[in-house]
Amino acid sequence: SGQRALRCSLLASVPDLMLDADLVGLRPDHLVRLSDPVLQGEVDMAVGQFVGGRWRTDWAQWITPNLSGQRALRCSLLASVPDLVARRYDLELALTHHAKQQGARVCYVRLAGLTQVMKEEKRGFWVGFTQRLLMYWQILRYALKR
């Protein structure tokens, strides 16, 4: 009983980490930088931003910082996002919108030297480009609903 309570309190204090599966250059210090603000109780969600990786991914996250897939956040915040299971490309926008609605504290963390493989590189130019357009359409549709 006592061990279960300890285990539950430990799990409740550990933030959920969300990372894109196609990251290049991920190091342990990136995970520490991303999770520390949440672990220290400074914020409810930390959003990672690429810097010093590749210009295309750095630039994309500079323009649209809320689309970053690199996040550390309190489990309770993640669990309270409406229709979480149905989210696709609009997941990051839904997380950011929900955090603002809940009055959650959010910070942005620079992740130096980290980048990701772009859709056009993974799947070939035309298939990747088509998937990118679909992603932007889903994001635009979400934004217009709000």
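Residues numbered from 1 in each chain as written. Predicted model: local features only at pLDDT ≥ 70, side-chain atom pairs only at ≥ 80, totals over all residues. Heavy atoms only, no water.

Just give me the short version of the pairing of strand β3 (residues 45-51), but keep the residues and values in it.
In terms of residue burial, β3 counts as a mostly covered element, since 7 of its 7 residues are buried. Burial of the side chains of β3 extends over both faces: Met-45, Val-47, Gln-49 and Val-51 are buried on one face and Ala-46, Gly-48 and Phe-50 on the other. Across 3 bridges, β3 lies against strand β4 (residues 71-73) in antiparallel orientation. Note on β4: the bridge partner recorded for Val-47 is Arg-71. With 7 bridges joining them, β3 and strand β5 (residues 106-112) adopt parallel strand pairing. (Buried < 20%, exposed > 50% of the residue type's maximum accessible area, 1.4 Å probe, protein only. Helix = DSSP H or I, 4+ residues; strand = E, 2+ residues; numbered from the N terminus. Pairing = 2+ DSSP bridges.)

Pulling in residues and values, what's your account of the nonpolar core?
Counting 17 residues, the largest nonpolar core has Met-18, Met-45, Leu-73, Leu-77 and Leu-95 as its most contacted members. It is helix α5 (residues 91-101) that contributes the most residues to this core, 5 residues altogether. When residues no more than four places from it in sequence are discounted, the contact partners of Leu-73 are Pro-15, Asp-16, Met-18, Val-38, Asp-44, Met-45, Leu-78 and Leu-95. In this structure, Leu-23, Val-43, Cys-107 and Leu-111 belong to the second largest nonpolar core, which totals 11 residues. (Core = buried A, V, L, I, M, F, W, Y, C linked by side-chain atoms within 4.5 Å. Contact = heavy atoms within 4.5 Å.)

Outline the packing of aromatic side chains, listing residues and values.
Taken as a whole, this structure holds 3 aromatic pairs when the rule is applied. The interplanar angle of 10 degrees and the centroid separation of 5.7 Å between the aromatic rings of Phe-125 and Phe-129 together place this pair among those described as stacked. Of this pair, Phe-125 and Phe-129 are both found in helix α7 (residues 125-145), 4 residues apart, which corresponds to roughly one turn of the helix. Aromatic rings pair up to connect Phe-125, Trp-126 and Phe-129 into one cluster. (Phe/Tyr/Trp six-rings, centres within 6.5 Å; stacked < 30°, edge-to-face > 60°.)

Quick one: what's the story with the side chain of Ser-35, residue by residue and with numbers?
In this structure, Ser-35 sits in helix α2 (residues 28-39). A polar contact of 2.8 Å, which involves the side chain of Ser-35, links it to the backbone oxygen of Leu-31. Those residues in contact with Ser-35 that sit more than four places away from it in its chain are Pro-15, Leu-17 and Ala-72. (Polar contact = N/O pair within 3.5 Å; in protein donor to acceptor, adjacent residues only side chain to side chain.)

Which residues make up the pattern of salt bridges, and what are the values?
Under the defined criterion, the tally for this structure stands at 8 salt bridges. For Glu-121, the salt bridge identified is with Arg-54, shortest N-O distance 2.8 Å. Taken as a pair, Glu-121 in helix α6 (residues 119-123) and Arg-54 in the loop between β3 and α3 (55-63) lie far apart in primary sequence, 67 residues in all. Of the residues examined, Glu-121 reaches a relative accessible area of 40% and is grouped as partly exposed. (Salt bridge = Lys/Arg side-chain N within 4 Å of Asp/Glu carboxyl O.)

Lay out α5 with the relevant residues and their values.
Taking burial as the measure, the 11 residues of α5 include 8 buried ones, the bulk of the element. Buried within α5 we find Leu-91, Glu-92, Leu-93, Ala-94, Leu-95, Thr-96, His-98 and Ala-99. Considering only its buried residues, α5 is in contact with β1 (16-18), β3, β4, α4 (75-79), β5 and α7. Following α5 by one or two positions, Gly-103 adopts a phi angle in the positive range, close to 75 degrees.

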